[in-house]
Number of protein chains: 8
Amino acid sequence: MNKEDIKELLESVKNNKIDIDEALGKLEDLPFKELGFAKIDNHRELRVGYPEVIYCEGKTVEQVRDIVKFMLTKDNNILGTRASYEMYLAVKELYNDAEYNSLGRTITIRKKKQDVTDSYIAIVSAGTSDLPVVEEAMETAKILGNRVEKITDVGVAGIHRLFSRLDIIRGAKVVIVIAGMEGALASVIGGLVNKPVIAVPTSVGYGANFGGLSALLSMLNSCASGVSVVNIDNGFGAAYNASIINKL
Amino acid sequence: MNKEDIKELLESVKNNKIDIDEALGKLEDLPFKELGFAKIDNHRELRVGYPEVIYCEGKTVEQVRDIVKFMLTKDNNILGTRASYEMYLAVKELYNDAEYNSLGRTITIRKKKQDVTDSYIAIVSAGTSDLPVVEEAMETAKILGNRVEKITDVGVAGIHRLFSRLDIIRGAKVVIVIAGMEGALASVIGGLVNKPVIAVPTSVGYGANFGGLSALLSMLNSCASGVSVVNIDNGFGAAYNASIINKL
Amino acid sequence: MNKEDIKELLESVKNNKIDIDEALGKLEDLPFKELGFAKIDNHRELRVGYPEVIYCEGKTVEQVRDIVKFMLTKDNNILGTRASYEMYLAVKELYNDAEYNSLGRTITIRKKKQDVTDSYIAIVSAGTSDLPVVEEAMETAKILGNRVEKITDVGVAGIHRLFSRLDIIRGAKVVIVIAGMEGALASVIGGLVNKPVIAVPTSVGYGANFGGLSALLSMLNSCASGVSVVNIDNGFGAAYNASIINKL
Amino acid sequence: MNKEDIKELLESVKNNKIDIDEALGKLEDLPFKELGFAKIDNHRELRVGYPEVIYCEGKTVEQVRDIVKFMLTKDNNILGTRASYEMYLAVKELYNDAEYNSLGRTITIRKKKQDVTDSYIAIVSAGTSDLPVVEEAMETAKILGNRVEKITDVGVAGIHRLFSRLDIIRGAKVVIVIAGMEGALASVIGGLVNKPVIAVPTSVGYGANFGGLSALLSMLNSCASGVSVVNIDNGFGAAYNASIINKL
Amino acid sequence: MNKEDIKELLESVKNNKIDIDEALGKLEDLPFKELGFAKIDNHRELRVGYPEVIYCEGKTVEQVRDIVKFMLTKDNNILGTRASYEMYLAVKELYNDAEYNSLGRTITIRKKKQDVTDSYIAIVSAGTSDLPVVEEAMETAKILGNRVEKITDVGVAGIHRLFSRLDIIRGAKVVIVIAGMEGALASVIGGLVNKPVIAVPTSVGYGANFGGLSALLSMLNSCASGVSVVNIDNGFGAAYNASIINKL
Amino acid sequence: MNKEDIKELLESVKNNKIDIDEALGKLEDLPFKELGFAKIDNHRELRVGYPEVIYCEGKTVEQVRDIVKFMLTKDNNILGTRASYEMYLAVKELYNDAEYNSLGRTITIRKKKQDVTDSYIAIVSAGTSDLPVVEEAMETAKILGNRVEKITDVGVAGIHRLFSRLDIIRGAKVVIVIAGMEGALASVIGGLVNKPVIAVPTSVGYGANFGGLSALLSMLNSCASGVSVVNIDNGFGAAYNASIINKL
Amino acid sequence: MNKEDIKELLESVKNNKIDIDEALGKLEDLPFKELGFAKIDNHRELRVGYPEVIYCEGKTVEQVRDIVKFMLTKDNNILGTRASYEMYLAVKELYNDAEYNSLGRTITIRKKKQDVTDSYIAIVSAGTSDLPVVEEAMETAKILGNRVEKITDVGVAGIHRLFSRLDIIRGAKVVIVIAGMEGALASVIGGLVNKPVIAVPTSVGYGANFGGLSALLSMLNSCASGVSVVNIDNGFGAAYNASIINKL
Amino acid sequence: MNKEDIKELLESVKNNKIDIDEALGKLEDLPFKELGFAKIDNHRELRVGYPEVIYCEGKTVEQVRDIVKFMLTKDNNILGTRASYEMYLAVKELYNDAEYNSLGRTITIRKKKQDVTDSYIAIVSAGTSDLPVVEEAMETAKILGNRVEKITDVGVAGIHRLFSRLDIIRGAKVVIVIAGMEGALASVIGGLVNKPVIAVPTSVGYGANFGGLSALLSMLNSCASGVSVVNIDNGFGAAYNASIINKL
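None of these values were measured; they are calculated from a predicted model.

Considering the interface of chain F and chain H
- In this assembly, 35 residues from chain F lie in contact with 35 residues from chain H.
- Summing the contributions of chain F and of chain H, the shared interface buries around 3000 Å²; its carbon and sulfur component is 60%.
- Taken as a group, Asn194, Leu220 and Leu248 of chain F account for 19% of the area that chain F buries against chain H, more than any other trio of residues on that side.
- In this structure, the connection of chain F to chain H is made through 0 salt bridges.

Structural notes on the domain arrangement of chain A
All names here are of chain A.
- In terms of domains, chain A is made up of domain 1 (3–7 + 19–109) and domain 2 (120–246).
- Each partner contributes to the interface: domain 1 provides 15 residues, whereas domain 2 provides 15 residues.
- Where domain 1 abuts domain 2, roughly 1200 Å² becomes buried across the two surfaces, and 63% of that area is made up of carbon and sulfur atoms.
- The three residues of domain 1 that bury the most area against domain 2 are Tyr50, Arg82 and Leu103, which together make up 38% of that side's buried surface.
- Joining domain 1 to domain 2, the criterion identifies 1 salt bridge.
- Between Arg82 and Glu136 there is a salt bridge, with the nearest N and O atoms lying 2.9 Å from each other.
- Put simply, domain 1 and domain 2 have 4 residue pairs in polar contact (both at pLDDT 80 or more) between them.

Digging into helix α6 (residues 85–94) of chain C
All names here are of chain C.
- Taken together, the buried positions of α6 are Met87, Tyr88, Ala90 and Val91. An end-on view of α6 places all buried positions within 165° of arc, on one side of the element.
- Tucked inside the fold, the buried residues of α6 contact α5 (61–72), β3 (99–101) and β4 (106–109).

Section: the relation of the copies chain E and chain F
- Mapping chain E onto chain F calls for a screw motion: a turn of 89° about the axis and a shift of 0.2 Å along it, with 0.5 Å RMSD after fitting. What the superposition gives is, in effect, a four-fold axis relating one chain to the other. Relative to the rotation axis, the C-alpha of Phe210 of chain E is the closest in chain E, positioned 7.3 Å from it.

Looking at the relation of the copies chain F and chain H
- With an RMSD of 0.4 Å, the fit of chain F onto chain H corresponds to turning through 179° and sliding 0.1 Å along the axis. Put plainly, the chains are arranged around a two-fold axis. By C-alpha distance to the rotation axis, the residue of chain F lying nearest is Val229 of chain F, at 2.6 Å.

A few points about the interface of chain E and chain F
- The interface of chain E with chain F comprises 8 residues on the first partner and 11 residues on the second.
- Note on chain E versus chain F: buried area summed over both sides is about 880 Å², and carbon and sulfur give 64% of it.
- Our count for the chain E to chain F interface comes out at 0 residue pairs in polar contact (both at pLDDT 80 or more).

Here's the deal with the environment of Asp130 of chain D
All names here are of chain D.
- With respect to the element layout, Asp130 can be found in the loop between β5 (120–125) and α7 (131–143).
- Given the relative accessible area of 3%, Asp130 is considered buried.
- It is 8.8 Å that separates the C-alpha atoms of Asp130 and Asp233, two residues lying 103 residues apart in sequence.
- Residue contacts for Asp130: discarding those within four places in its chain leaves Ser125, Ile178, Ala179, Gly180, Thr202 and Val204.
- Side chain to side chain, Asp130 and Thr202 meet in a polar contact 2.8 Å long.

Let's talk about the sheet that holds strand β4 (residues 106–109) of chain F
Residue and element names in this part refer to chain F.
- The 4 strands are arranged β1-β2-β4-β3 in an open sheet whose pairing can be described as mixed. A strand with exactly one partner marks an edge of an open sheet, and here the two such strands are β1 (52–55) and β3 (99–101). Each adjacent strand pair in this sheet contributes to an overall mean axis angle of 15°, direction not counted.
- Of the strand pairs in this sheet, strand β2 (residues 78–81) and β4 are connected by 3 bridges, and their pairing is antiparallel. Of the residues in β4, the one forming a bridge with Gly80 is Ile107.

Here's the deal with the sheet that holds strand β4 (residues 106–109) of chain B
Residues and elements named next belong to chain B.
- Taken together, the 4 strands give an open sheet; going across it, the order is β1-β2-β4-β3, and neighbouring strands pair in mixed fashion. Strand pairing shows two members of the sheet lacking a second neighbour, β1 (52–55) and β3 (99–101), which therefore form its edges. Each strand of the sheet is rotated relative to its neighbour by a mean of 15°, with strand direction disregarded.
- Examined bridge by bridge, β3 and β4 share 3 bridges and lie antiparallel to one another. Within β4, the position partnered with Tyr100 by the bridge is Ile107.
- On top of the sheet, helix α7 (residues 131–143) reaches β2 (78–81), β3 and β4; it is set at about 15° to β4, its chief contact.

Let's talk about the environment of Leu103 of chain B
All names here are of chain B.
- For Leu103, the location among the structural elements is in the loop between β3 and β4.
- By relative accessible area, Leu103 is classed as partly exposed at 37%.
- Not counting residues up to four positions away in its chain, the partners in contact with Leu103 are Leu131, Pro132 and Glu135.

Cut-offs used in this document
- Residues numbered from 1 in each chain as written.
- Chains lettered and ligands numbered in written order.
- Predicted model: local features only at pLDDT ≥ 70, side-chain atom pairs only at ≥ 80, totals over all residues.
- Heavy atoms only, no water.
- Contact = heavy atoms within 4.5 Å.
- Buried area = accessible area lost by both parts, 1.4 Å probe.
- Salt bridge = Lys/Arg side-chain N within 4 Å of Asp/Glu carboxyl O.
- Domains from an automatic or database assignment.
- Polar contact = N/O pair within 3.5 Å; in protein donor to acceptor, adjacent residues only side chain to side chain.
- Buried < 20%, exposed > 50% of the residue type's maximum accessible area, 1.4 Å probe, protein only.
- Helix = DSSP H or I, 4+ residues; strand = E, 2+ residues; numbered from the N terminus.
- Arc of directions from axis to C-beta.
- Least-squares fit on C-alpha atoms with pLDDT ≥ 70 in both.
- Pairing = 2+ DSSP bridges.
- Axes fitted to C-alpha atoms, helices over the stretch in contact; angles between N-to-C directions.

Laid out in structure tokens, this is it:
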């Protein structure tokens, strides 16, 4: 609404073409519509259908239950990450169909049916110890409405296993690679596929692994060009990111 | 070519339906067609039209000239990154229409006309000191065939400047955020747009910036969920990544 | 007490105006009054009204109780930081009106009524996980006699929430910003207010957060000029510092 | 301007109490006055009188000259930090009264006379090698309109020198402590004065000093409570911060 | 199988020298035999006789039991590393002759008798606290079929003890040196023997040892030229490596 | 035994002055007496009277008891560091007069009366949280036969307390300074005394203290010249070192 | 020379079978022959044929020339590493057949013909920027008498190139893998060959590569078991180590 | 002057035994004589004979000359460390007998003859590259009046060289060990001598040496108990420290 629009509106008021309440309604929105904030709201509207998300780590069972209780008053699906089994039991009392992924430590509540994308996200991991991050990523991707294909245990120390699964990896619209230790898998896959690769370093390993730092640096320095990186063990962030891309 | 196909081929040989040389030709490709390697080749074919890329840092002027000379025998466009002006002069002798971006330190040679995408990549940066990385990213994105919009100098210390450019950022298909110092811009934009955000930490800053480590950690720990990160100052990698997404 | 004062004193002794013991008493203090040390004492006097402070971490319940017991013999208010609930119970036996902030882990004992400043300290935080540090800062600021306004959960990932609270932040005499993860909030606020901003990085986050290092470096490298930083999770230090400024 | 105000305005338009252009003028400001952005502008207005600042590091002589040329079209004082002598010579051609502090590497241009505060900022430093940071802080504080007292070479290895200057340090409204190596001076002064202490670690030292990291960590871990810290060698930031406090 | 071989095979089919199914069988293997993958398999064949290995850390007792149960269906020896006593008890129920090294935290199952090498691996360690890594290395080396000599407690602080054992160290075909703290033992031995030295830093120590980083850096910077390094506490990796060399 | 001595011996053999067995006995010792090893033994002899030392961390109660049992067969005093109370109880059953310092976590057994030095070691510490390291240092220094003076709680945040104890610090032959947080005390004392200062950083502190790294770097970068440093929390090492100096 | 030998010698002296000077000569060597030191010498003897090595970095041209001049008085081959071209010119004046590898920065002087091993060392590298380290390793391996096969530019971003060279890598007795950036090549090769793999991280890369730290950590954390690591850019050390293994 | 002394003085005033001015004079000094400050002065007096020291790094040639000029007005010897040859030439113009150690980068001026201690400081170093630090330590120790013995090039990679010099090392009153790379020499010597060992890590080395960090950590974690450490490359600090001990 530019200056001319407002002038015209005022003239309509003056000339009784519209009544004051109608004009008021149009002007009321002005500060919010013209500025970034209106856009924030619009863009949040687009997010309708997205689940509410709770990061449970560092919260008490009571806090998690109270937050979920409040969320349940709305019509959204709900995802709890880094949730303990005790948290799940407390949530289950509120909503009996809540589900728990004990490996990925996620709570999921599905109140609304979702459409699922035709294109899929491939979640590829190196070793069995990376599975908790794999599961967190998978639960996140699914409740965001994505089709997911998991390809696990294809670490570079036995690279023939990776090659036999290459078709399914290449068929994805976006690939999440989850690996600890030296994180070499991200570079190898980055060199084999022509899709966006989101790398998740995990804290798996010992010694000079330094809680995932080794894999993190390795992935940031990947010699393959299509690789970007999220934080250590951040399966949720990778899947959230992949979902945005998958739905482009 | 599965088991049945091979059996059928052999029967055709036995029954003289096809001669041995023809059968040989079909079988010869077998190992390469059936396996990942064939696919590597196919996927490289898809990359036809992609420029050849030279990372010039640490190479001598002579080495760069020789590599470009060889590349010019093929029909591809060429991108040289981290190139000095001396390298450019040497390349210009080989190909007079070579161009140099002195801020971004890129050499570009365009032998073939490219299509440009309708959707665009927004490249957003915080301060004037981040411009070299901005330019490297822009040159990379363009030679990969992408429409690009640059929005520079919108750092969070004067956040109103960012808000006045929000429309153009939100209109992009993928957003590259380039920032040094504390790298907060990636989080702020990640919270305002619903598109994939690729964050590039830069080594701009002093003191406890530690050559970009501060911005890198900041971006990895972003509280906004749609942000992934590439290596410090890696404008090329961010643009390559963004190009893959922009063309999905 | 200057040279003339001492000369006069000696003459009073000589003239029997005062007896030797009285003169001795006055002279005895001399080294401490005339030097820096005297000033230390004077300056400590100015601090009368300040609470006694115990840092409880790493102490046993018995040690905390004994220290508080001794402190209670004096007329000061008392603040215990990093205190466990068990410590609180032991202290409560000594002084029934002792209070415990379970989130901030502080024990407070108010034996004397305090004046409260008209100007106030704004304590702003990014996420709910930063609340323990917020509460420690708030309890510290209050027992030091400051009016406090808390503005929580205004992280940069949803920056519109911050803008709706900007008035109250700008109205403060000094602002404490408490944030973990990437700590971007300090820079954003530093760019929006023209008051001293004391930033407290928190250890909230995971992966490459490295126990608060990410937020610490981010805040030290803030592109906004009015920001200074205290140690990770140091809500007490920030509030003590803010109190000095608020009372200037 | 709330809902009732707008309604009343519209009624005045309808009843011809005010004409449309007047109403338009009032409404036009609405989005900017009611929101944070208006406040940004107001608060920038308060900053009138503040110098324009250029961080010259990483810029070419030409870039610095061009920026200063543009700044000179406005009526503000100008401060250039991290400026080389060559930059100064280029600026001097534009404005003959420009001054250069070769130790602090600052360029200052004073087009307007400034008021100077009664209260002062004490700038205290440990060794002669810290002087460049001292000078940068002093030039910054002065062009921001502050009275400044410098107390240099009072490192803790000869602590008696510090004590003989304690009066002047204690008389300040805010104290900047600049120290490299182990940075112990900040803690010692923090324990002796009851004013806000802003500590600046410097990169002075060798070996395990790691470019100022040693002093930085030391200052962040100060056992004295009134100390906050800015980035390594950031004399400008410390002075800017101190100026805000000094003018409270 | 080269082009000629295939041609000949096709001619045999045509001439009815072999029937189609036989030809099919030969061709079916083609992609795998001709390429690297075939070689992977061949090379795995060479590994027959090698034990199956489970890295037990981070697995549950149930997971370890299930994996061992599956492994027992094959004819291999089994090595479990980083195994708890509870894991051992669960494994013992499956195979009564399983053995547990409580210091080295290994489970070993020997279903097949192994040849033992004539040449031996010397495992040398500095202090008694390094013994867990020594034992893990020894159990690994032994189940891989190597003769082992242990020389413990010969740290450099009492270097005469090392000299009295020098003969046995020099007699080895390959030497593993295990040391924590400053890891100097690797350099001293590297200077005294003319055999490959594999150094294992251990996390033994306190303070600025940083979980083995001190010994790791020390060993990487060894002034003796024949020393290579594996990860902190990685007794298994060192022994696996040494076994390859010992069997050359 | 030099060349001449051996020649003389051989002549005595030839001339039947001594018989072959006697000559043999003298020659047999030759390699050990003439070389460093003989000296090692001699120098160990000089250490007679020194206590046996056990570093108990990481050992089981049983291991500690067995080692002490063996040590008790010899006539030396015994010092156990980093010992738990359970270890003490087990040792007490072996030797009823064993003593336990619960703060310093040391076990001491005195079988022999020791001379005590006239000169003394001053052990100076900053805060009450440093006391465990102080006690470990004190017990070590005492059982090594040194007179010790403890001066605790003289941190630099209240530097007047340090000055009132300066006489006793200056009277020492060697000074141990134990401090955590920013470790500034070492520099301050290093500037005030003209004796060797051994600094012990402690892991006391929080946030960016990084387990003592802050104090360690601070002490290594001390601007006072007479300061050397031992490992974090290493009270034993400091006292052992100080004892050697005190007995020079 | 054991006890019996000495007894017999003494009897020969007594019986005048040998004269005293001859006996003296034999006994004089005793301490050195019987002990470790003798063995040091013996083992150095075994090294005859090994080249003399000079690490030229940090030395002046004059120093290098003087050292080489001295070495030339002996009959050994000579290897200079990290040598500048100026150093080479100075050496060439002393010995005209000296050779310079400008990429690997080595000087080699061959005064004696060497045998070359039948088995070979494979030197495998990822990118063209790793070539300086490759060349240093190759020159070292060759002057130590080893047959060498170089396989360069087989980085994991185009893994098919690696597979086409797998035969020659597997045929080696020991494999050196040289890679910068993320160093993934070491893991991939470690999983494909059953030979000792010595990994050399290089400082190639930028941003969060931290001078080779990324590749170093990656290689230390390799998921493949037969990999050990030497220092960053240490081509010499890797080749020295490989040579020992190749000659076992 | 204690309480009794003051009482007596006052009585003398009262009884006219001394006049007021005399009493005044005595009292006036009181604060300075009785307190630490007086002692600071006394203790500085003890330092008479000590050289004046200038740390030249980071100073201009002019600054160094001006400082030396001022120092020459006093009667002390002078030591300049980290001095360039240009600085030396400028100093030589002021004082023709100034000497320059080009390896150690020290300037020395001897105006007064010094006594030299009977006992000596042994300065032991590992490699030729450590010589600059050795020379700085030697020049410092000598101008402080100490007898010095240098034992260079006795690194642990050829430990027999160390043993042949052990006598002279053991004869010292205090030992300085200077070593880069892995710094193992400090531990080895610490285990062989019963004297205070001051270890100086040097920045010699490459790769994961990290500018001396490797040697620093190694020395701090030394398994030998009599070792303390100074900063990287700090030959001056080590010698200053050793001199204090040598003169005890």
